[in-house]
Amino acid sequence: MFDRNTAVELWHKYNESESLWHHALSVEAVMREFASYYSEDTEYWGLVGLLHDIDWEKFPEIHCKKAPELLKEIGADDDFIHAVCSHGWSICVDVEPVKKMEKVLFTIDELTGLVTATALMRPEKMKGISVKSVKKKWSSKGFAAGVNREIIEKGAALLGEEIPFIIDMTIKGMTKVAPEIGLWPEEEA
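A brief report on the enclosed structure follows. (Residues numbered from 1 in each chain as written. Predicted model: local features only at pLDDT ≥ 70, side-chain atom pairs only at ≥ 80, totals over all residues. Heavy atoms only, no water.)

It is worth spelling out unusual backbone geometry at this point. Most peptide bonds take the trans configuration, and most residues that are not glycine carry a negative phi. The phi dihedral of Ser-39 falls on the positive side, at around 55°, and the residue is not glycine. Mapping Ser-39 onto the fold places it in the loop between α2 (18-37) and α3 (42-51). The exposed category is assigned to Ser-39, whose relative accessible area is 67%. One non-glycine residue, Ala-144, adopts positive backbone phi at about 45°. Residue placement: Ala-144 occurs in the loop between α7 (131-139) and α8 (149-159). (Helix = DSSP H or I, 4+ residues; strand = E, 2+ residues; numbered from the N terminus. Buried < 20%, exposed > 50% of the residue type's maximum accessible area, 1.4 Å probe, protein only.)

Shown next as structure tokens:
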């Protein structure tokens, strides 16, 4: 299995966007948070999160279809590739999330965007952000309109977890990397 440095190298080979990098770090952190909660391999889950959008910037029209080829460059196994591709289920591919890790990724990919948008509206950003503040923004359809709340709900149902729990876990994961993703108050970063 490849290490995080190899994963980061591959990510930068195919992506340049700072906002996409912040998204990759956010998803990685949340995947690690869930892996720890479920007593799973935090490193493996984190790497899946980090590389989930490997093909997005250069190949958006074939997102999740080009990923297997790129991931094979670093020796990613079939399970890893399936997990990465499954986050596009019912959006751009027919690869269904089956394992718990895949269901988590499918669920939290969109949610990290909503949490990011919510944090950006607050002077203290991620510091002290609550499930209640994210849920309030969730209800405002005009807020972060690009975030597909139905995907999050579909993922929560697949996981058998409640939305507030998933939001809480997402907040916990993202707070751990808040300075690296530009979501911590500047005077404290």
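Turning to the nonpolar core, a few remarks are in order. The biggest cluster of nonpolar side chains holds 65 residues, and the ones touching the most others in it are Phe-34, Trp-45, Leu-51, Ile-54, Leu-71, Phe-80 and Met-126. In contact with Trp-45, not counting residues within four places along its chain, are Met-31, Phe-34, Ala-35, Tyr-38, Glu-40, Lys-100, Met-101 and Val-104. (Core = buried A, V, L, I, M, F, W, Y, C linked by side-chain atoms within 4.5 Å. Contact = heavy atoms within 4.5 Å.)

Right, let's get into the environment of Gly-49. In this structure, Gly-49 sits in helix α3. Each C-alpha atom of the pair Gly-49 and Asn-5 lies 14 Å from the other, and the pair is 44 residues apart in sequence. Setting aside chain neighbours within four positions, we find Gly-49 in contact with Ala-24, Val-27, Glu-28, Met-31 and Leu-105.

None of this, on its own, says anything about what the molecule does.
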